[in-house]
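In case you want the letters, here they are:
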Amino acid sequence: MRKFEVVSPFEPSGDQGQAIDKLSEGFLRGDKFQTLKGVTGSGKTFTMAKIIEKVQRPTLIISHNKTLSAQLYREFKSFFPNNAVEYFVSYYDYYQPEAYVAARDLYIEKDCDINREIDQMRLRATYSLMERRDVIVVATVSCIYGLGMPDVYKGMRVHVEIGQELDTKKFADKLISLQYSRNDDVLDRGNFRIKGDVIEVFPPYMETDEAYRIELDWEEVVRIRRFDVMNRSVTGEMDETVFYPAKHFVVPRDRLIDATDRIQKEMEEQVEMFQKAGKIIEADRLKTRTTYDIEMLKEMGTCPGIENYSGPISGRATGEPPATLLHYFPDDFLCLIDEAHVSVPQIGAMYEGDRSRKENLINFGFRLPSAYDNRPLKKAEFDAKMNQIIYVTATPRPEEVKQSTQVVEQLIRPTGLLDPIIEVRPSEGQMEDIYKEVKTRIERHERSLILTLTKKMAEDLTDYLTELNLKVKYIHSEIDTFERVEILKSLRKGDIDVLIGINLLREGIDLPEVSFIALLDADKIGFLRSATSLIQIIGRAARNADGMVVMYADHMSPAMEVAIKETKHRREVQEAYNKEHGITPKTIIKAVEDILEHEKQEAEESVSMDLEVLKKGVNLFRASDRKKLIKRLTEEMSACAERMEYEQAAVYRDQIREIEAQYGK
């Protein structure tokens, strides 16, 4: 087995070493749940990589959205160039789930557009898990959704070796049963072709554009080669090889026929139940649709919405969890959940949302009750399938802390920067106090953030401070996406001195120039003033050596107490470390142009993989392809904007403009 090896010019620094040692030891002694509580900027990703290197186990890394997953995928690819680092996210470019709106008697048919390149990356992930142990899979929460059964997937693979007798017709039939397509003219991913005594197969899961050539002497395999599809050059000679299915959802024909009998029986029972209840329309609707699907399954081996029959096809009992990506991992794997305070609740919410949508479809005769079993895992099922988990977050929830046998802190930043000083001041006279603090920062060429609870208050406060001759702007949900980007740039350049917003946590900003944060209504109860939100807000001022947060409140809320206590603890640890090692914290000072260029580069890197996947295989000279690509890029831009990832959204916008300028609208 090839070992995990981190390739990096850096060694663990600060308190990374103790975090790596403690969490690795906890994993090796069998701790099921642990937490890495690391502040922003402390190098949590590097720590995760070193833990993988130390424990030497197949690893699943879960993140809560595609953008972060893509970023992690690139980082781990660079850390582990000699190991298999794979990417597993939803393969839908567009997805409209099947639904029924009873109030309007409106049936919405499923509509989707599958991204072929991402589908191939998903196949490569499962292929790697079948073939080796030095595998890291970076995934979104889509990894808890149903996938083909690993035992069937592995059992249907085809083995070929030199000296073997191979009947070309039977071999072709076998490949077709594995969802490969025969094309004797063009060799593409998921295709094969036969020319005389030469068979060429291009598996869809290959990382590079390489296929296999099998040469026969009559019916005996005499040579197996791997070659580059583009230039036809041979890249390897081998004695044997294995071909896995071209899709995850493959089922042997005899098993499929058995499944149709189970589907038929379930349909008859459900139709009878509808008829007894006087629901004639529902009974007729279900019988018509299901009978058609059964005929399609028997004749074609598939049907529209085949995933809704995954329960009967797999032979699972009612309510039994489906096979997922987790089932492809060996029992001793490691799971790292990044940004766990967001990712874990997301995992728990998937099942309920899916079930509520299907209730109407089943109750009104559009689907059989077994459609419920085509679902994501429940949280309890997810936990049961996990071997060992390390939660990674700066603000772990009480649930994760309670589960964990140990919570390991990583509080030291390589720059030596400390968490900011916090003061609590009364709300009476807060405007005058804020004005004084802001003026002090302006004299030092520093910036300020002010957080309010409502849009109107943000607007009114902007007007008030503007009348006092301060350069102020506000940001909230009604501000245009790209205007937000310009406002943030203006703050960095010094064109404005104060930025006012409601939830600036989600603006994607990292401002070393900001040394003062004013938090209004800090004692109010709610999401925006929870302990987690307060700690994250405080972290916004940790980029500046003189960082300070003032909470304006009339009393001390429990959330404030937790946030202040946590920040004080972090600062004490950081100060002690700096004193021991003779480090003087210094704000990172860069020219604004450098900061903006770095930010642009990060944004481009963040979306580069998605752009590459989207553009691959598209003929930009063809108007229909170009229209489809621009539509998809626009959707991605909007999605980034909704997540308030404005730099990434700007990259998609620039790509659209570039395509339209070069190839036409």
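These numbers were taken from a predicted model, which means no experiment stands behind them.

### Topic: the sheet that holds strand β18 (residues 388-393)
Here is step 1: Across the sheet, which stays open at both edges, the 7 strands sit in the order β3-β8-β2-β17-β18-β1-β19 with parallel pairing between neighbours. The two strands at the open ends of the sheet, each matched to only one other strand, are β3 (84-88) and β19 (406-410). Put simply, the sheet's adjacent strands are angled 20° from each other on average, direction ignored.
Here is step 2: For β3 and strand β8 (residues 135-139), the ladder comprises 5 bridges, and the chain directions are parallel. For Y87, the partnering residue across the bridge sits in β8 and is V138.
Here is step 3: With respect to the sheet, helix α1 (residues 16-28) is in contact with β1 (33-38), β17 (334-338), β18 and β19, its orientation differing from that of β19 by roughly 160°.
Here is step 4: Those strands touched by helix α4 (residues 116-131) are β3 and β8, and its axis lies near 135° from that of β3.

### A look at the environment of D184
Here is step 1: Note that D184 resides in the loop between β10 (181-182) and β11 (191-195).
Here is step 2: Residue D184 is classed as partly exposed on the basis of its relative accessible area, which comes to 28%.
Here is step 3: Sequence-distant contacts of D184, defined by excluding residues within four places in its chain, comprise F192, R193, I194 and K195.
Here is step 4: A polar contact is formed between the side chain of D184 and the backbone nitrogen of I194, at a distance of 3.1 Å.

### A look at helix α13 (residues 430-443)
Here is step 1: Taking 1.5 Å of rise per residue, 14 residues should cover 20 Å, and α13 covers 20 Å from first to last C-alpha, within 8% of that figure.
Here is step 2: On its buried side, α13 packs onto β20 (421-425), β21 (447-451), α14 (455-467), β23 (498-501), β24 (514-519) and β25 (548-552).
Here is step 3: Just downstream of α13 lies H445, where phi reads positive at about 60°.

### Observations regarding the sheet that holds β21
Here is step 1: The strand order across the open sheet built from 6 strands is β20-β25-β24-β21-β23-β22, with neighbouring strands paired in parallel fashion. Each edge of the open sheet carries a strand with a single partner, namely β20 and β22 (472-475). Adjacent strand axes in the sheet meet at a mean angle of 20°, parallel and antiparallel pairs treated alike.
Here is step 2: In the sheet, β21 pairs with β24 via 5 bridges, with the strands oriented parallel. By the bridge assignment, L449 is partnered in β24 with I517.
Here is step 3: Where helix α17 (residues 558-581) meets the sheet, its contacts fall on β20 and β25, and the angle it forms with β20 comes to roughly 150°.

### Quick look at the packing of helix α2 (residues 44-55) against helix α3 (residues 66-79)
Here is step 1: Running from amino to carboxyl end, α2 crosses α3 at an angle of 50°, the nearest separation of the two axes being 11 Å. Classified by the angle their axes make, α2 and α3 are oblique. Pair α2 / α3 crosses with right-handed handedness. For the pair α2 and α3, contact is made by T45, F46, M48, A49 and I52 and by L72, E75, F76 and F79, respectively.

### Let's talk about unusual backbone geometry
Here is step 1: With a phi close to 75°, Q179 is a non-glycine residue in the positive phi region.
Here is step 2: For Q179, the position within the fold is in the loop between α6 (168-177) and β10.
Here is step 3: The phi angle at E339 is positive, at roughly 45°, despite the residue not being glycine.
Here is step 4: Within the secondary structure, E339 is located in the loop between β17 and α10 (340-363).

### Considerations on the environment of L178
Here is step 1: Considering the arrangement of structural elements, one finds L178 in the loop between α6 and β10.
Here is step 2: Aside from chain neighbours lying at most four places away, what touches L178 is M156, V158, F243, Y244, P245, A246, K247 and V250.

Parameters at a glance
Residues numbered from 1 in each chain as written. Predicted model: local features only at pLDDT ≥ 70, side-chain atom pairs only at ≥ 80, totals over all residues. Heavy atoms only, no water. Pairing = 2+ DSSP bridges. Helix = DSSP H or I, 4+ residues; strand = E, 2+ residues; numbered from the N terminus. Axes fitted to C-alpha atoms, helices over the stretch in contact; angles between N-to-C directions. Contact = heavy atoms within 4.5 Å. Buried < 20%, exposed > 50% of the residue type's maximum accessible area, 1.4 Å probe, protein only. Polar contact = N/O pair within 3.5 Å; in protein donor to acceptor, adjacent residues only side chain to side chain. Expected span 1.5 Å × (residues − 1). Parallel < 35°, antiparallel > 145°, perpendicular 65-115°, else oblique. Left-handed = near helix turned anticlockwise from the far one by under 90°.

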